[in-house]
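Residues per chain are reported as follows:
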Amino acid sequence: MDFRDTPEEATFRGELRSWFAANLPPGWADREPTVGLEDPEFSRAWSARLFAAGYSGITWPKDYGGLGLPPTYQGIYLEESARHDAPAHIGVIGLGMAGPTILAWGTEEQKSRYLSRLLSGAEVWCQGFSEPDAGSDLAGARTRAELDGDAWVVNGQKVWSSYAHIADHCILVVRTDPSAERHRGLSYLLVDMKSPGVVVRPLRQITGDPEFNEIYFTDVRVPRDSILGAPGEGWNVAMTTLLHERGTLGFALTARFEALLGRLVETACTTRPDGVRPADDPLVRDRVAALAIDLEALRFTNYRALTSLVRTGAPGPEGSVAKLHWSEANQRLTKLAQDVLGPASRVDGADAWWGGFWAYQQLRSRGNTIEAGTSEVLRNIIAERVVGLPRSR
Amino acid sequence: MDFAFSADQDELRATARRLLADRLPPERLHALADAGDGDGTSSALWSELVGLGWVGLSAPEGGGSFLDEAVLLEEAGYALLPDPLLASVVCLPAVTLAPKPDPTAATVLAWAEPAGPQTFRSAAKVKTWATRTDGAWQLTGTKSDIADLGSAAQVVVLAASESGPALLLVEPTRGAVRLLPTTDGTRRIGTLTLGGTPAVLLAAGSEAAPLLTAMRRRAEAGLALESVGIAQRMLDIASEHAKQREQFGRVIGTYQAVSHHIADMYVRTELARSLAYRAAWCVATIETEPTAVTGQEVDVACAAAKAAATETAVFAAEGAIQVLGGIGMTWEHVAHRFYKRALANETFAGSPAEHRATVATAILGAAR
């Protein structure tokens, strides 16, 4: 057991710090945080810079534009990224879900076609899993795909799809064999979002932002070979996606939580117009400390997960633990920020603290226990697959 | 970065798990805890632990570090070991300073006083006096809240002296020992009254201060580790029960109202485990490579682990009692033994709120 960087890790960390110092926009450290989503053009340009430096795909094979390093280096990147409050890569779905699934299941041709353009931010991905009648129950997906000559013809509707409005491609779970048992009738397609018949309708969220979308597919023709795995293997392919979603997410979420805790400390240490400095209130201090302990617990649980990933090659159950705990801790953090602001927390927009940053964060955080596996589903997974309790259904 | 125990440490854990499960089945724990006039411990087991080389591991000749002791402390919690392993681990840095040190003797720590300080952090208020006559040291005063006093061969006493706070070693039989009835029968608390009692000086003044810090860190990390072991045992007991007990024609583990409760116990136990292992590494590292971590890093890691892990053990024990149902409320079931230790650990050596205050100061600065 040793928490210190190896000499190689320390060199990597040092280079990364210098790179951030040289590449983040001037005055970045002192800026007010962005309310809502970053401007996509800014994110795209930043992603291209990350790619040029090799930092988009630290653990990815060199053949596809990655650095081919062990997961520990990805952890270092995320830590330093949080400390510099660096902008995120635009390809959140691509990096965390589509890419790892293509790496695991794709043909050589698919890997060459998609991966480096995904890493550079040139192409953005979205996810077409959830449907109006199939949310947590993915095996209930009804969007159909039928073979017609050299193409799959897709009809149906997907929902809660972040980035779909700017996406170039979609990882799409469809039903290709309606007669098969639910899980066995699914297939996993890679769909060009510019195809005729694809219509994206933004959904306005609780925050007011149109962060996610509905996607309608009407007679959309998808080339027959734009499939991951064999027809009928979609469930297994999708499980790879979800494992990676939760496996690698822990570090990224913890990094975001650390950056947000720093913002909370900044807010709590500012004297309000009524003369109160919330950081002097023992109850506020206790809650801030509890959140700091949540952060440390998440951080070191990620480290343990990383160590077992390095040793065994597969993400362990810690990903579900981290996601579940982060989502609830993030809700407590953002709520505390609102409590700290007091009555001023009701003001939104330009007159509000940091332009309404905390109101946005607090409202957005309610989605944390729903997206990427609801807390209820994650508790089922932990109870059944980790603790070994019998299945509940 | 590598966050895993070594193969040797994994082996030590497996051996300890097996041995302690064999020596301390529930009926044995009940018997030890319920022996009205006993000290709740079994000296036979202590000799066995010494024989295995598990006591005094991080002493100069012990061949191990606090990380090895950490493995044993977690397993001691899992088995609810009634012997004073934790106290002996805490006292070890002081014990090794004795002219003729005995790192394998069952040692306990006496810092609190009836009307005085309850934790390490207020050493300056101690009223027990250490005086020297003709080169020999004597102690006078009353020390209270001494965990495992009944099974101690020697006691490390925090006292005041002409040169400031001092740590001395006494044999409990030289003073007046009074054991109190305690809810946790596996870790009894006692009072030690000393009147000109002969003692051996371990450190005084500027030499005592860093020793106190080292012992405080060991106590906080050690209680966290023991609590993780308790939480894991409670989780195991609850999940075993939920896999077998049937109601309404189904095993109760299939009901999400039950299984989600157990999932939460698992999540909190894993998070506490991460904090406790991190604290253990910090303590081991600052003791062996003082420049590799900062004192504040170690203090915050210990405070965070103590606060979270002791609360988690209570949470897990309460969860287990709930999942067990009526049987969990009985004297006959072993759950209450663990619950009582968990509650004791929460209050001992600083409450969770006090430790969170330490963490708050580290990130918010002092309150104005």
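Residues numbered from 1 in each chain as written. Chains lettered and ligands numbered in written order. Predicted model: local features only at pLDDT ≥ 70, side-chain atom pairs only at ≥ 80, totals over all residues.

1. Points about the overall build of chain A
Stated precisely, the cut-off is as follows: Runs of E in the DSSP output that reach at least two residues are strands. Runs of H or I that reach at least four are helices, and both are numbered from the N terminus. Put simply, the radius of gyration uses C-alpha atoms, and a globule should come to 2.2 Å times the residue count raised to 0.38. With C-beta atoms placed from the backbone, the exposure class of a residue follows from how many other C-beta atoms lie within 10 Å of its own: 20 or more, buried; 12 or fewer, exposed; in between, partly exposed. A pair of residues counts as a contact when their C-beta atoms, built from backbone coordinates, are within 7 Å of each other.
When helices and strands are tallied, chain A shows 10 helices and 8 strands. For 393 residues, the compact-globule estimate of 2.2 N^0.38 gives 21 Å, and the C-alpha radius of gyration of chain A, at 22 Å, lies within 12% of that figure. The buried share among the 393 residues of chain A stands at 45%. Within chain A, counting contacts between residues at least 6 apart in sequence, those at least 24 apart form 72% of the total.

2. Observations regarding the overall build of chain B
Secondary structure summary: chain B contains 10 helices and 9 strands in total. Over its C-alpha trace chain B gives a radius of gyration of 21 Å, about what one expects of a compact globule, namely 21 Å for 368 residues. When the backbone C-alpha atoms are referred to their principal axes, chain B occupies close to 80 × 50 × 45 Å. Put simply, chain B has 368 residues, and 57% of those count as buried. The contacts of chain B with a sequence gap of at least 6 include a subset with a gap of at least 24, amounting to 74%.

3. Comments concerning the environment of A:Trp105
All names here are of chain A. By the secondary structure assignment, tryptophan 105 is in helix α4 (residues 92-105). We classify tryptophan 105 as partly exposed; it has 19 C-beta atoms within 10 Å. Setting aside its immediate chain neighbours within four residues, tryptophan 105 contacts Leu228, Gly229, Val237 and Thr240.

4. So, the packing of helix α8 (residues 295-324) of chain B against helix α9 (residues 335-347) of chain B
Residue and element names in this part refer to chain B. What counts, and what does not: Angles run from 0 to 180 degrees between N-to-C directions of axes, and those axes are lines fitted to C-alpha atoms, restricted for helices to the stretch in contact. The scheme is simple: roughly parallel for angles under 35 degrees, roughly antiparallel for over 145, roughly perpendicular for 65 to 115, oblique for anything else. Take the far helix as your reference; a near helix turned counterclockwise from it by less than a right angle gives a left-handed crossing, and one turned clockwise gives a right-handed crossing. Charged residues are taken to be Asp, Glu, Lys and Arg, nonpolar residues to be Ala, Val, Leu, Ile, Met, Phe, Trp, Tyr, Cys and Pro, and polar residues to be all remaining types, Gly included.
Running from amino to carboxyl end, α8 crosses α9 at an angle of 155°, the nearest separation of the two axes being 8 Å. As the angle between them shows, α8 and α9 are arranged roughly antiparallel. Two packed elements cross with a definite hand, and for α8 against α9 that hand is left-handed. Contacts between α8 and α9 involve Thr310, Glu311, Ala313, Val314, Ala317, Ala320, Ile321 and Leu324 on the former and, on the latter, Ala335, Phe338, Tyr339, Ala342, Leu343, Asn345 and Glu346. Grouping the amino acids of the contact of α8 with α9 by side-chain chemistry returns 11 nonpolar, 2 polar and 2 charged.

5. Focus: helix α7 (residues 256-288) of chain B
As a reminder of what qualifies: A helix is expected to span 1.5 Å for every residue after the first.
Over its 33 residues, α7(B) runs 47 Å from end to end, which matches the ideal 48 Å to within 8%, given 1.5 Å per residue. Of all the 33 residues making up α7(B), 26 are buried; the element is thus mostly covered by neighbouring parts of the structure.

6. Description of the domain arrangement of chain A
Residue and element names in this part refer to chain A. Convention followed: Residue ranges assigned to each domain were obtained from an automatic or database domain assignment.
By domain assignment, chain A separates into domain 1 (7-119), domain 2 (125-232) and domain 3 (237-386). Here the C-alpha centroids of domain 2 and domain 3 sit 30 Å apart. Classifying every residue of the side of domain 2 that touches domain 3 by side-chain character gives 7 nonpolar, 3 polar and no charged.

7. Here we look at the domain arrangement of chain B
Residues and elements named next belong to chain B. Each assigned domain of chain B is listed with its residue range as follows: domain 1 (7-95), domain 2 (107-208) and domain 3 (212-364). Inter-centroid distance (C-alpha atoms) of domain 1 to domain 2 is 23 Å. Counting residues at the interface gives 17 residues for domain 1 and 17 residues for domain 2. When contributions to the side of domain 1 that touches domain 2 are tallied by element, the ones reaching two or more residues are α2 (26-34) and α5 (85-95). Here the side of domain 1 that touches domain 2 takes 6 residues from α5, the largest share from any one element. Partitioning the side of domain 1 that touches domain 2 into residue classes produces 11 nonpolar, 3 polar and 3 charged.

8. Some words on the environment of A:Gln361
All names here are of chain A. Its location among the elements puts glutamine 361 in helix α9 (residues 357-365). Note on glutamine 361: 24 C-beta atoms within 10 Å, which makes it buried. In sequence terms glutamine 361 and threonine 207 are 154 residues apart; their C-alpha atoms lie 8.4 Å from each other. Those residues in contact with glutamine 361 that sit more than four places away from it in its chain are Leu260, Thr334 and Ala337.

9. Topic: the nonpolar core
All names here are of chain B. Stated precisely, the cut-off is as follows: For our purposes the nonpolar core covers buried Ala, Val, Leu, Ile, Met, Phe, Trp, Tyr and Cys residues that link as a set through C-beta atoms within 7 Å.
Ranked by size, the top nonpolar core spans 230 residues in total, and within it Leu168, Leu275, Ala276, Ala280 and Ala317 carry the most contacts. The greatest single-element share of this core, amounting to 18 residues, is contributed by α7. Sequence-distant contacts of alanine 317, defined by excluding residues within four places in its chain, comprise Ile230, Met234, Ala335, Phe338, Tyr339 and Ala342.

10. Some thoughts on the interface of chain B and chain A
Listed per partner, the contact involves 38 residues of chain B and 40 residues of chain A. Those elements that provide at least two residues to the side of chain B that touches chain A are α6 (208-244), α7, α8 and α10 (352-364) of chain B. Sorting elements by how many residues they give to the side of chain B that touches chain A places α7(B) first, with 13 residues. Class assignment of the residues belonging to the side of chain B that touches chain A gives a composition of 25 nonpolar, 7 polar and 6 charged.

11. With respect to the environment of A:Leu147
Residue and element names in this part refer to chain A. Within the secondary structure, leucine 147 sits in strand β2 (residues 144-148). In this structure leucine 147 comes out as exposed when scored by C-beta crowding, with 11 C-beta atoms within 10 Å. In this structure, the C-alpha to C-alpha distance between leucine 147 and arginine 221, residues 74 residues apart in sequence, is 9.3 Å.

12. Things to note about the pairing of strand β7 (residues 189-204) of chain B
Residue and element names in this part refer to chain B. Heads up, the condition is: Should DSSP find at least two bridges between two strands, the strands are taken to pair.
Pairing of strand β3 (residues 136-147) with β7, which is carried by 8 bridges, proceeds in the antiparallel orientation. Residue pairing for β7: lysine 143 is matched across the bridge by leucine 192. Looking at chain direction, strand β5 (residues 164-170) and β7 are connected through 4 bridges and run antiparallel. Bridging from a neighbouring strand, leucine 167 pairs with alanine 203 of β7. Judged from the 5 bridges that link them, strand β6 (residues 176-180) and β7 form a sheet pairing that is antiparallel. Residue pairing for β7: alanine 176 is matched across the bridge by threonine 193.

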